Amino acid sequence: MSQSFRLRDKGRVDRSRPVSFSFDGRTLTGYVGDTLASALLANGVHVMGRSFKYHRPRSVLGAGVEEPNALVTVDRGRGRIDANILATTLEIHDGLVARSQNRWPSLTLDLGAVNNIFSAFIPAGFYYKTFMWPRAAWKSVYEPAIRRMAGLGPPPVDRDPDSYASQFDHCEVLVVGAGPAGLAAALAASAGPGRVILCDEGAEAGGALLGDPAAAIDGLAAWDWVGKVVAELSSRPNVTILTRTTAFRYGTQNMVGLVERVSDHLAGSTPGILRQRWRQVRACQVVLATGAHERPVLFRGNDRPGVMLASAARIYVNRYGVRLGSRCVVATRTDSGYQTAFDMARARIATTVLDMRASIAPALSAEAERLGIEVIAAARPIRAKGGRRVTAVEIEQADGQRRTLRCDLVLMAGGWVPVVHLFSQSRGKLRWEERVEGYVPDAATQAVRCAGACRGEFALSSALKDGFAAGQGAAGGDPGAIHGPPTCSSTEAEVDMRDVPMSVAADGGMAFIDYQNDVTTKDLRLAVREGFHSVEHFKRYTTTGMATDQGRTSNLNAMAVVGDALHRPMGQVGITTFRPPYTPVSFGALAGNNRGELFAPVRRTPTHDWAAAQGAVFEDVGLWKRARYFPKSGESMDEAVRRECRITRAVAGVLDASTLGKIEVVGPDAAEFMNRMYVNAWTKLKVGACRYGVLLRDDGFIFDDGVVGRIAEDRFHVTTTSGGAAGVFNLMEDYLQTEWPDLRVWLTSTTEQWAVISVQGPRARAILAPLVEDVDVSAEAFAHMTVREGRIAGVPTRLFRVSFTGELGFEVNVPSSEGMRVWEAICAEGRKHGAVVYGTETIHVLRAEKGFIIVGQETDGTTTPDDVGLGWAIGKTKPDFVGKRSLSLPGLTAPGRKQLVGLRPIGHETVPDEGAQLIGEAAPTPFSAQGHVTSAYWSEALDGPIALGLLRNGRARIGELVRVTSLVGEPRLWRVCDPVFLDPKGHRLNG
Amino acid sequence: MRFSALTLLRSAFDGQSRYPHQWRKADPRPSYDVIVIGGGGHGLATAYYLAKEYGVTNVAVIEKGWIGGGNTGRNTTIIRSNYLFDESAALYDHALTLWRGLSQELNYNVMFSPRGVLMLAHTVHDVQSIKRHVHANRLNGVDNAWLTRAQVAAFCPGLNMSPEARHPIVGAALQRSGGTARHDAVAWGFARAASARGVDIIENCEVVGIRRRIDGAVAGVETSRGFIGARKIGVVTAGRSSQVMAMADVRLPIESYPLQALVSEPTKPVLDCVVMSNTVHGYVSQSDKGELVIGAGSDAYVSYSQAGSAHVAAEAIGAVCELFPQFARMRMLRNWGGIVDLTPDRSPIIGKTPVPGLYANCGWGTGGFKATPGSGHIFAHTLATGDPHPIAAPFSLDRFLTGRLINEAAAAAVAH
Amino acid sequence: MLLIDCPFCGQRPEIEFRYAGEAHVLRPIDPRECEDEEWAAYLYRRRNPAGDHAERWHHVHGCRRFFNARRHTVTDLFSGSYPAGTPGPECEAGQ
């Protein structure tokens, strides 16, 4: 029979809109407005999960985010399987598929429950005391078994097809929580002009009022009042109401993270619809109206299905119209337990109140009597009996007498725990408050106010007043309020926990503290016995408070038990840090759009699409995509690179070098600035001349290199490595702005402005000549290492005669927008000569044949200019440059540093790994590295492998034999040689 | 009391009533031969090995809060030794050797689990850098291996091996002997074993000053519980090194940054090794409890806030979702920060300071946990003998004067 | 995420900036003349206080100016920013 546990006349669920869903394969119905938990209860399904360690059957404890037990897996199809979802907050919709977790083979018959029997053998921290022998068994036997048993729901295994987004929001006042205090705060705060954001984790505003329809505010019934306020707020243009939106993180300077669940509650899956959105709100003022959660009462079997929080029962009855049982015992330490008892009685559930206090307010006794509720004062529950449902509770009365009350529902009102998570994250101080028997907000360190139950103002009338005042204060005093705070006629007394007896199950019974992690009073007492007295120690040792509910219902009870064991007041047990997030947040929401191609922006050169169309294979260099080689059909990389190398040296090759960093250094003191930055001397460099520059950090190690052309007396065109451009620019700006602000120099990054086309090879001049205007490209007029300005293919150009290949070479700089056009023109000319287009792999081979280093490959941040044979570049007479002083430190001048050498194979043709180690010719065992291979290629020009390496004392060891390590075989012999393999005299530069 | 399955069995029948404190709650004595400031893993290990290896038992470990409460209890528990330079490899491999038998040595299951540490290569440059590590490691006897793309896919199912990925995986280094351990247990295990050998572990005792003799040498420490004399003082206070050393007028080449970590909700097993990637900038493993444990680089600025910015944690999550797109469906359960002391070359400082009797063991940066037993072992040698252990010698403070840096960061940009 | 007050652009979120280390670390005027000790102090030694900290920020995705700011390193709260090259407000020595 469907929903036979509904109360006919109660609840906010929409009975005109039934919803069909499935749980563990059973198809059930509920109504729009139900959570999975309320719908299951309405169908008489109480057991919703199994506990983590003992696999005890569990039903709901709560009705919201405090729930530790009822965790389910939701299946929305491939890639959309979510584990550990709270049944108490999961809105049902048509077609919802939910499954219970952590049980095998089924929820009703769970073999893991055998752990229950062995609980005495596996107390807190048992795993630290065993599983140590034999040593190998931990990894092979014990740990795999533990891992299989641990975990809750199934992990996601398929790619998540949903989309997520993130955005920044700004407002004058952010109100967190739309319960009575939050609504009142939003009303007050939005009366002025400031932007107000009101967010609430629930599906609708109202908070605790949704479970308390009998309350009256401003003369209206609670639900009507909520409706009226929401309508009022919605009509104000400065208010944004965000439901299904959890404030989960409170950062510095009032940056509050919200996660908005946009479509999780909707049936089906609409392609393209956003699943969740991360909103980072920067608020001038924040009002936290985050409410309070209820504490369980400690007694044996307090985890039996049917034992739940009193506040939760009230919500199930009033908001969802669920008949939870037929006979109920309310174990209370507060007056609020009576409100639950009254509501139960009004729902025609036979109710007994077990008040742990001795004296009871006469008004409460009177109302109880009127409703036929038996009240037993100064009594406490000892144990709940039953299996998959509670059947009775044994109690102890003031006189020590015990009796058993038959019931199918035990409601616990152990006190209230203000939700101070966000306040604590804001670095606000917390204070122990005896009246509350809990921590409440104390001094704030940011512009934040707490209002209502989250600061111990539990009574509705005070919460309303408090919220209104906080909203008013946050909006800057008097916002011209048209009316005063909402008022309610309730005469509810404020909570006062002073002198309320604590039940800490001192009789050795196993009362559950942390339901999800199965931590009991016994575990905590053991931890104390073993010296885990610090709150962080007993928490970590027993795992109390570390489950997915983050200890919402367990932390205070754990303090009570530990305090009792240590004979310390609860308030002196200590408090753990409230860490974000408040409730779990999906990775998808936090990653937002930064997934796939948008994970890191892609930089493309002007010829990218052309190269792709030619079948180029690309490689990632920093954020750049660079063409690595251009295979003809059927060619391997090796074959393609050998062809590209061969033709470039024989004819010519064209390379897109646009990724080179470019910085324009301009100003009357530009030469002086360059003198101070780079190791080289620049003053005497003639206009139109170029120089290879080396840049260090002040620690003396090579940071970058590149060719620099002097365009004018006061203007340098500086090139950097592709990956180093941003770093060089930052470094230059740093010294210019902070060390030498007197220099009249201006820096402009021009990397993106210049496309660079490198034409190298004996026919390079012949290819370019027909295209170039205004520049005499003849050998006599245009020497190596000079730069000219003119036009090419009708486009203005800075034409460099430079070579990274050892061939006659030019680098054509043209505006990026014209890059493709000029590229095509050059390629067309090149084709006439049989030139080739090549990529990064070929340039690496060609430069290695010439012994030219690549910063980041031959150097690694521990390399000095002298190490790589660049000592010649250093301007010897300069008083200073960045890094100069460090070059004379003992460590940088010590004998035995690794130096750049060339390597040729002896008796084999194997190209070694880049990164392979260099060891002695007949090194003793164990080998000790004397250096490493930095670059290694098949050289087409030398028709064999070549390598560059850094070798201890390398320059003095030319001619010696070394061995190069291999990951697949024996080390092979190589001969140390000069790093310039080809054309040491540089004849080829002339074409 | 010796821990074993038998102990558990016996205790099941006496209501767990016979377990004593795992470590004595010591009150400070007037003076000690050696005071170790800092009750984290490194400090407790130092005290343990002082007592065990060098017979120095008149030792106090002084802890401001609760033991293991600093970076020991905040890190992502990765253990590996595949460092590039000989000096580093020797240091971390010494630690790894001790990890292997640590549970038995301490009679405390620290759950060292050599489940393999996979370091992903995405680019040509990554391949060069990682292969350089593999070659160097093998010479140093460190079991690092190169895996091809196909081998990576087979070793770690679930990784996004698509060539269309923004940073496609092209290979990886695998140190099979690397893995994880249970961080809290390391602190507790060392504390229990040290305490059993006579070391005083003094919690809730904050050092507020270092008193020096007329000749400049240390005389002891001023604490929140009064003066405690000492012949030698070892400072092992990660995240507070600059402040504690400043008490003796020593200024260190250290800056302290927040380093964040986070865990997901627990799920059934889905990831059986540690996966690290410098290019996408994140690392992830799954704890025995089922939580994904995730970390990334440190926050950008010096801070002692133990927090850090949300976008840094989000970037780490983004990185993990790049490697495992299916994890977008996982949920973050807890996010926290520690404070890491970074040296300019990202290698630790172990040894003497300019103040006689004052020794430092600091600057472990983002990766100190993996070194815990090794760090304690060689620092104990240094404290006991007054001379650096041969493995510790290159990690002296004066390398920042001479320029003899051990720059693992520059050489590899390895975050952790 | 920090909110950083650029003296030239006003308050902007942290992601626009690059942290550039402790402020007022003086590069020796004539490095040739300074001892290794002084040079090492410039390169590497830092106050690293738990308290007020004068530090440099680079508005790298904004005006690209370097400037100084004072921030408390325990609370991360700023108490002012000022152009590079101007003397810093007195900083309490960190404990």
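Residues numbered from 1 in each chain as written. Chains lettered and ligands numbered in written order. Predicted model: local features only at pLDDT ≥ 70, side-chain atom pairs only at ≥ 80, totals over all residues. Heavy atoms only, no water.

**Digging into the domain arrangement of chain B**
All names here are of chain B. Stated precisely, the cut-off is as follows: An automatic or database domain assignment supplies the residue ranges for each domain. Working rule for contacts: check all heavy atoms of both residues, and any pair within 4.5 Å makes them a contact. Reported buried area values correspond to the accessible surface (1.4 Å probe) lost by two parts on association, with both partners' losses combined. Each salt bridge in this description consists of a side-chain nitrogen of Lys or Arg and a carboxyl oxygen of Asp or Glu lying within 4 Å of one another.
The domains assigned to chain B are domain 1 (28-108 + 182-254 + 345-415) and domain 2 (117-177 + 256-342). Put simply, the middle of domain 1 and the middle of domain 2, counted by C-alpha atoms, are 27 Å apart. The interface of domain 1 with domain 2 comprises 36 residues on the first partner and 32 residues on the second. Three residues, Arg 74, Asn 82 and Leu 84, lead the burial of domain 1 against domain 2; their summed loss comes to 23% of the area buried on that side. Taken together, the links from domain 1 to domain 2 amount to 0 salt bridges.

**Let's talk about the sheet that holds strand 42 (residues 786-792) of chain A**
Residues and elements named next belong to chain A. In plain terms, the rule: The rule for pairing is simple: two strands pair if DSSP sees at least two bridges between them. Only DSSP runs of H or I reaching four residues or more are called helices, and only runs of E reaching two or more are called strands; each is numbered from the N terminus.
Taken together, 7 strands build an open sheet; the order of strands is 41-42-43-44-40-34-45 and the sheet is mixed. On the outer flanks of this sheet lie strand 41 (772-773) and strand 45 (836-837), each paired with one strand and no other. Across 4 bridges, the pairing between strand 34 (residues 653-656) and strand 40 (residues 754-760) is antiparallel. Bridge pairing in strand 40 places Asp 656 opposite Ile 757.

**Overview of the environment of Val 602 of chain A**
Heads up, the condition is: Buried means the residue's accessible area, taken with a 1.4 Å probe over protein chains only, is under 20% of the maximum for its type, while exposed means over 50%, and partly exposed covers the values in between.
Structurally, Val 602 of chain A can be placed in the loop between helix 14 (587-591) and helix 15 (608-613). For Val 602 of chain A, a relative accessible area of 19% corresponds to the buried category.

**Observations concerning the interface of chain A and chain B**
This is how the line gets drawn: Within 3.5 Å is the distance limit for a polar contact, defined as a pair of N or O atoms, with the added protein rule that one can donate a hydrogen and the other accept it, and that residues adjacent in sequence qualify only through two side-chain atoms. Note that Gly is not counted as nonpolar here; it falls among the polar residues with everything else outside the nonpolar set of Ala, Val, Leu, Ile, Met, Phe, Trp, Tyr, Cys and Pro and the charged set of Asp, Glu, Lys and Arg.
Across the contact, 110 residues belong to chain A and 106 residues belong to chain B. The three residues of chain A that bury the most area against chain B are Tyr 128, Arg 147 and Phe 587 of chain A, which together make up 10% of that side's buried surface. Inspection of the region where chain A meets chain B yields 10 salt bridges. Between Asp 82 of chain A and Arg 329 of chain B there is a salt bridge, and its shortest N-O distance comes to 2.8 Å. Counting the contacts that link chain A with chain B gives 54 residue pairs in polar contact (both at pLDDT 80 or more). Here the element with the most residues in the side of chain A that touches chain B is helix 3 (residues 137-149) of chain A; it accounts for 7 residues. Of the residues that constitute the side of chain A that touches chain B, the class distribution is 52 nonpolar, 28 polar and 30 charged. Two elements, strand 31 (residues 585-586) of chain A and strand 16 (residues 331-342) of chain B, share 2 bridges in a ladder whose sense is antiparallel. For Ser 586 of chain A, the partnering residue across the bridge sits in strand 16 of chain B and is Arg 331 of chain B.

**Some thoughts on a nonpolar patch on the surface**
Just so we agree on the cut-off: Patches in this entry comprise residues that are over 30% relatively accessible and not in a salt bridge; like charges within 9 Å are linked, as are nonpolar side chains (Val, Leu, Ile, Met, Phe, Trp, Tyr) within 5 Å. For the area figures, the Shrake-Rupley method with a 1.4 Å probe applies, and any residue is considered shielded solely by the protein chains shown.
On the surface, Trp 104, Leu 109 and Leu 111 of chain A cluster together to form a nonpolar patch covering roughly 370 Å² of accessible area. Within the secondary structure layout, Leu 109 of chain A lies in the loop between strand 7 (96-100) and helix 2 (114-117).

**Points about the packing of aromatic side chains**
Formally: The pairing test for Phe, Tyr and Trp rings, Trp by its six-membered ring, is centres within 6.5 Å, and the orientation test on the planes gives stacked under 30 degrees, edge-to-face over 60, and tilted for anything in between.
Using the criterion set out here, one finds 46 aromatic pairs over all chains in the structure. For the ring pair Tyr 541 of chain A and Trp 188 of chain B, a centre distance of 5.6 Å and an interplane angle of 70° mean the geometry is edge-to-face. Placement of Tyr 541 of chain A in helix 12 (residues 535-542) and of Trp 188 of chain B in helix 7 (residues 183-196) is noted, with the two residues assigned to different chains. With respect to burial, Tyr 541 of chain A and Trp 188 of chain B carry one shared label: buried.

**Here we look at helix 2 (residues 41-54) of chain B**
Formally: Given a helix with a known number of residues, its expected span is that number minus one, times 1.5 Å.
In a regular helix each residue adds 1.5 Å, so 14 residues correspond to 20 Å; helix 2 of chain B covers 19 Å between its end C-alpha atoms and thus fits that length. Residues of helix 2 of chain B that are buried include every one of Gly 41, His 42, Gly 43, Leu 44, Ala 45, Thr 46, Ala 47, Tyr 48, Tyr 49, Leu 50 and Ala 51 of chain B, and no others.

**Things to note about the interface of chain C and chain A**
One widely used convention gives an interface's size as the accessible area the parts lose upon coming together. The partner chain A presents 27 residues to the 27 residues of chain C that form the contact. Of the roughly 2,300 Å² buried where chain C meets chain A, counting both sides, 48% is carbon and sulfur surface. Of all residues in chain C, Met 1, Arg 27 and Arg 64 of chain C bury the most surface against chain A, accounting for 28% of the area lost on that side. On inspection of chain C and its partner chain A, the count reaches 5 salt bridges. Linking Arg 885 of chain A and Asp 36 of chain C is a salt bridge whose minimum nitrogen-to-oxygen distance equals 2.5 Å.

**Comments concerning the pattern of salt bridges**
Residues and elements named next belong to chain A. Within the structure shown, the criterion is met by 103 salt bridges over all chains. In this structure, Arg 279 and Glu 260 form a salt bridge, with 2.7 Å as the shortest nitrogen-oxygen distance. Residue Arg 279 is located in strand 15 (residues 274-288), and its partner Glu 260 is located in strand 14 (residues 255-261); the two are separated by 19 residues in the primary sequence. Assessed through its relative accessible area of 11%, Arg 279 is described here as buried. Of the residues examined, Glu 260 reaches a relative accessible area of 12% and is grouped as buried. Among the salt bridges present, the one from Arg 540 reaches Glu 536, with a minimum N-O distance of 3.2 Å. With Arg 540 and Glu 536 both in helix 12 and 4 residues apart, the pair spans about one turn of that helix. Here Arg 540 and Glu 536 have matching classes, each one buried.

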